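Structure assessment
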There are 2 protein chains.
Amino acid sequence: MDIVFKALSDPTRREILRLLSQGEKTAGELASKFDMTKPSMSHHFAVLKDAELISSRREGQQIWYSLNTTVAQEAIAWVMDLVERSSGKRSKRK
Amino acid sequence: MDIVFKALSDPTRREILRLLSQGEKTAGELASKFDMTKPSMSHHFAVLKDAELISSRREGQQIWYSLNTTVAQEAIAWVMDLVERSSGKRSKRK
DNA sequence: TGTCTAATTAGCCACCCGTCTAACTATTGT
DNA sequence: ACAATAGTTAGACGGGTGGCTAATTAGACA
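Bear in mind the structure is a predicted one, so any value in this text is a computation, not a measurement. (Residues numbered from 1 in each chain as written. Chains lettered and ligands numbered in written order. Predicted model: local features only at pLDDT ≥ 70, side-chain atom pairs only at ≥ 80, totals over all residues. Heavy atoms only, no water.)

**Looking at the relation of the copies chain B and chain A**
Here is the rule: Alignment of copies: least-squares fit on C-alpha atoms of residues with pLDDT of at least 70 in both copies. Two residues form a contact once any of their heavy atoms are found within 4.5 Å.
For the pair chain B and chain A, the relating rotation is 180 degrees, the translation along its axis is 0.0 Å, and the fit reaches an RMSD of 0.0 Å. Interpreted geometrically, this transformation is the action of a two-fold axis. A share of 100% of the interface residues of chain B reappears at the interface of chain A, consistent with the copies meeting face to face through the same patch.

**Comments concerning the protein's contact with DNA strand D**
Under the convention used in this document: Throughout, near means a residue has at least one heavy atom within 4 Å of the molecule or strand. For this analysis, a polar contact is any N or O atom pair within 3.5 Å, provided that within protein one partner can donate a hydrogen and the other can accept it, and provided that sequence-adjacent residues contribute only side-chain to side-chain pairs. Helix and strand definitions here come from DSSP, where helices need a minimum of 4 consecutive H or I residues and strands a minimum of 2 consecutive E residues; each element is numbered from the N-terminal end. Here the nonpolar group is Ala, Val, Leu, Ile, Met, Phe, Trp, Tyr, Cys and Pro; Asp, Glu, Lys and Arg are the charged ones; every other residue, Gly included, is treated as polar.
As a matter of local geometry, DNA strand D sits amid 23 residues, with Ser40 and His44 of chain A together with Ser42, Gln61 and Tyr65 of chain B nearest to it. Of what DNA strand D places within 4 Å of the protein, 70% of the atoms are sugar or phosphate. For DNA strand D, a phosphate oxygen lies 2.9 Å from a polar atom in the side chain of Thr37 of chain A. Between a phosphate oxygen of DNA strand D and a main-chain N or O atom of Ala27 of chain B, the distance comes to 3.3 Å. Those elements that provide at least two residues to the surface near DNA strand D are helix H4 (38-50) of chain A together with helix H3 (27-31), helix H4 (38-50) and strand S3 (62-67) of chain B. Across the surface near DNA strand D, the residue classes break down as seven nonpolar, eleven polar and five charged.

**Looking at the protein's contact with DNA strand C**
Contacts to DNA strand C come from 23 residues, most closely from Ser42, Gln61 and Tyr65 of chain A together with Ser40 and His44 of chain B. When the atoms of DNA strand C within 4 Å of the protein are sorted by group, sugar and phosphate make up 73%. With respect to DNA strand C, the side chain of Ser42 of chain A contributes an N or O atom lying 2.7 Å from a phosphate oxygen. At 2.9 Å from a phosphate oxygen of DNA strand C is found a side-chain nitrogen or oxygen belonging to Arg13 of chain B. Contributing elements (two or more residues each) for the surface near DNA strand C: helix H3 (27-31), H4 and strand S3 (62-67) of chain A together with H4 of chain B.

**Brief notes about H4 of chain B**
All names here are of chain B. Counted only if it meets this: Multiplying one less than the number of residues by 1.5 Å gives the expected span of a helix. For each residue, the accessible area found with a 1.4 Å probe, counting protein chains only, is set against the maximum for its type, and the residue is called buried under 20%, exposed over 50%, and partly exposed in between. The arc in question is the one traced by the directions running from the helix axis out to the C-beta atoms.
With 13 residues, H4 ought to run about 18 Å at 1.5 Å a step, and its terminal C-alpha atoms sit 18 Å apart, in line with that. When we look at burial in H4, the residues that qualify are Met41, His44, Phe45 and Leu48. Relative to the axis of H4, the buried residues are bounded by an arc of 105 degrees and lie together on one face. Among the exposed residues of H4, those pointing more than 90 degrees away from its buried face are Pro39 and Asp50. Among the structural elements, helix H1 (2-8), helix H2 (11-20), H3, strand S2 (54-59) and S3 are those in contact with the buried residues of H4. Looking at the residues trailing H4, positive phi occurs at Glu52, about 60 degrees.

**Quick word on helix H5 (residues 69-87) of chain B**
Given a rise of 1.5 Å per residue, 19 residues ought to cover 27 Å, and the 26 Å separating the end C-alpha atoms of H5 of chain B matches this to within 8%. For H5 of chain B, the set of buried residues is Val71, Ala72, Ala75, Ile76, Val79, Leu82, Val83 and Ser86 of chain B. Seen from one end, H5 of chain B has its buried residues packed into an arc of 150 degrees, which puts them on one side. Packed against the buried residues of H5 of chain B are helix H1 (2-8), helix H2 (11-20), S3 and helix H5 (69-87) of chain A together with H1 of chain B.

If you want it as structure tokens, here you go:
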């Protein structure tokens, strides 16, 4: 969970995720939207992959990245549980 | 938003938030639950306060900390929007 | 086999983060 | 005023992070 929130804490990476929410994109297409070198972008992809927030597949020379919403939903669940426990201090389960 | 996710990315801080979801607690009471010096704990409180995930008030010698769910809900909203855009690529607004 | 293109990996650097000890501030009580 | 208690602030230190350039891998194509 650490690495998920850490991955989300960078604005570039959040923007990458937002772009991927529109659908699969290649590394190059994503990189072209930022004022940053490809290696730097590649680093961000690696961080997002490590957190399992994105998946990748190679097709010829290009690598296609796509959003993996499962982990994102786990992050939502963690924070929501916090808020619920807080608001429901009276008679919430364990 | 950066500082919110960054604040959430540390396990000690997430545990502090979980404890505070049970209700207001003093700095000392919180610190006693961790194998860490008070200054280190104080640092974590500062990070959480800076992200506005917690609030504090002094009462005599003690400082009481409490959870601020507003910002937590904003974090949920951000991630939920991501997931929704992704799943609803067909005919979602904007 | 070369060579071009897409992308990552390697190595470097400045800065940030989490922790500690030591020192300080604030409040209570004698 | 002094001492005790609760907590923060200051400064140092090792390890991690985000950016860069240069080198490398992987695939397409002549």
